[in-house]
Amino acid sequence: MSKIEWPLWEVFIRSKQGLSHKHVGSLRAADEEMAINNARDVYTRRSEGISIWVVESKNVVASDPSEAGPLFEPANSKAYRHPTFYEVPEGIKHM
Amino acid sequence: MEKNNLDSLDTIFQDKVDREIKIEPKDYMPDAYRKTLIRQISQHAHSEIVGQLPEANWVTRAPNLRRKAVLLAKIQDEAGHGLYLYSAVETLGADREDTIDDLHEGRAKYSSIFNYPTLTWADMGMVGWLVDGAAIMNQVPLCRCSYGPYARAMVRVCKEESFHQRQGFEIVTQLAQGTPVQKEMAQEALNRWWWPALMMFGPNDADSTHTAQSMKWKIKRHTNDELRQMFVDATVPQAELIGLKIPDNDLKFNEETGHYDFGEIDWDEFWQVVKGYGPCNTERVSARKKAKEDGLWVREAANVYAEKRARRNKKVS
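Below, the structure is looked at part by part. (Residues numbered from 1 in each chain as written. Chains lettered and ligands numbered in written order. Predicted model: local features only at pLDDT ≥ 70, side-chain atom pairs only at ≥ 80, totals over all residues. Heavy atoms only, no water.)

### Describing the packing of aromatic side chains
Working definition: an aromatic ring pair is given by the centre-to-centre distance plus the angle between the planes. All told, the structure shown has 14 aromatic pairs over all chains when counted by the stated rule. Each ring, one from Tyr80 of chain A and one from Phe85 of chain A, has its centre 6.2 Å from the other, and the planes form 75°; the classification is edge-to-face. Classification of Phe85 of chain A by relative accessible area gives partly exposed; the value is 49%. Between Phe13 of chain B and Tyr33 of chain B, the ring centres sit 4.8 Å apart and the planes meet at 70°, which makes this aromatic pair edge-to-face. A residue pair is termed long-range when its members are at least 10 positions apart, and Phe13 of chain B in helix 1 (residues 3–18) and Tyr33 of chain B in helix 2 (residues 31–50) qualify at 20 residues. Judged by its relative accessible area of 3%, Phe13 of chain B falls in the buried class. Above the ring of Tyr84 of chain B, the side-chain terminus of Arg156 of chain B is found at 5.1 Å from the ring centroid. (Phe/Tyr/Trp six-rings, centres within 6.5 Å; stacked < 30°, edge-to-face > 60°. Buried < 20%, exposed > 50% of the residue type's maximum accessible area, 1.4 Å probe, protein only. Helix = DSSP H or I, 4+ residues; strand = E, 2+ residues; numbered from the N terminus. Lys NZ or Arg CZ within 6 Å of the ring centre and 35° of its normal.)

Structure representation (structure tokens):
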């Protein structure tokens, strides 16, 4: 069978006003217009969304999971960035 | 990569799996894990797509408009399920069209249940109640599968699948409570679908070659026989409630185990259908091939149109 493929698109859906778009999966479509229409049919058949973003998968730049250690290390050693690092004297109710 | 390195990566991988940490697309995974998933997820996708065919058989003959609208919605869901799964299989580096060609050339399988014909309207009920019911038993544990994209696709599928089972049970219930002819139609359909539905869980544990490894990788959470027993236990009371008889003379509730004992599956029939000699194997695969070949010009034309439009937009800007 000769191979004719449509590009792959990543689909992001905003489920309701006030929430961010969230990645839900991917699909194949010839262009951005078809990608939006296909995303509507594949990912929102039960009113799961009010807004759709599509991004061609080849345009996504991702961090490398095998480099996750060094990449995120700077945050690991900084416990003082969290409120739980500090002791609140007794008698203080809200801070 | 050096052998020592690979060994330690494999150990880290298994340790993550053991601690219930999901494996994501770009993470290290052993080749065999990747291959197993590509095979299982693509065959699962093929099953959803081929599964549309026995139901499509009844769209034009649905007894009324409500039934027709429901059936169409269900068939559209099956297409959607296929697409979630093809999208999951592509995260493993497999090519979508290659996996589809594997199906068309006989290198990949799909669930054998779809090689049985849908002869009467009651079969639409049985497909929803029993076939989707059995699929739910299989798919609910897959929501906890160790591979992230597969697990997430299964969460979506399971949410939608319970509508499928309920609409099927509604069809069967209505027939079972209808005229004697309608009740007979329901019973006759149950007689034909019961055993093939039990076969959907695959060979007995003792004969299942992949189970042990898949459970170690947490792709699978229960053995075939455990799932089959869960299905029987859940379904028998439903049949009793609507006054239909399960076609198994050995079926009996076992007070000691708290489960139903049931008769032996005809494994010869099972293997015949798996090997391609079921009632509809040839028809199903040729319908899929025809769909791909007939749709080729559309895919081609859409690509050309997209290129042309992109060129035009460039000129304007």
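### Focus: the layout of surface pockets
Residues and elements named next belong to chain B. Here the largest pocket is characterised by a volume of approximately 1400 Å³. Along its surface, the largest pocket is lined by 50 residues, and Gln43, Ser111, Met200, Phe201 and Gly202 are the ones closest to its centre. Of all elements in the fold, only helix 2, helix 4 (65–90), helix 6 (122–142), helix 7 (148–176), helix 8 (180–199), helix 9 (211–216), helix 10 (224–241) and helix 11 (267–277) reach the threshold of two or more residues within the lining of the largest pocket. At 8 residues, helix 6 tops the list of elements feeding residues into the lining of the largest pocket. Taken together, the residues of the lining of the largest pocket break down into 21 nonpolar, 18 polar and 11 charged. In this structure, the second largest pocket occupies an estimated 1100 Å³ of space. (1 Å grid on protein atoms, 1.4 Å probe; cavity = no way out; pocket = protein on both sides within 12 Å on 5 of 7 lines; lining within 4 Å. Points joined across faces, edges and corners; volume = space filled by probe spheres on them. Nonpolar A, V, L, I, M, F, W, Y, C, P; charged D, E, K, R; others polar.)

### Focus: the nonpolar core
Residues and elements named next belong to chain B. Trp121, Met126, Leu130, Trp193, Trp194, Phe231 and Leu244 are the most contacted members of the largest nonpolar core, which totals 52 residues. Looking at this core, the elements with two or more residues in it are helix 4, helix 6, helix 7, helix 8, helix 10 and helix 11. Tallying contributions element by element places helix 6 first for this core, with 10 residues. Apart from the residues lying within four places of it in its own chain, the contact partners of Leu130 are Leu190, Trp193, Trp194, Ala197, Phe231 and Thr235. Phe13, Ala45, Val89 and Ala94 belong to the second-largest nonpolar core, a separate cluster that totals 37 residues. (Core = buried A, V, L, I, M, F, W, Y, C linked by side-chain atoms within 4.5 Å. Contact = heavy atoms within 4.5 Å.)

### Some remarks on empty space enclosed by the protein
Residue and element names in this part refer to chain B. For the coordinates displayed, the defined rule picks out 1 cavity of 30 Å³ or more. Forming the boundary of the largest cavity are Val17, Glu20, Ile21, Lys22, Arg144, Ser146, Lys218 and Arg221. Looking at the lining of the largest cavity residue by residue, the classes come out as 2 nonpolar, 1 polar and 5 charged.

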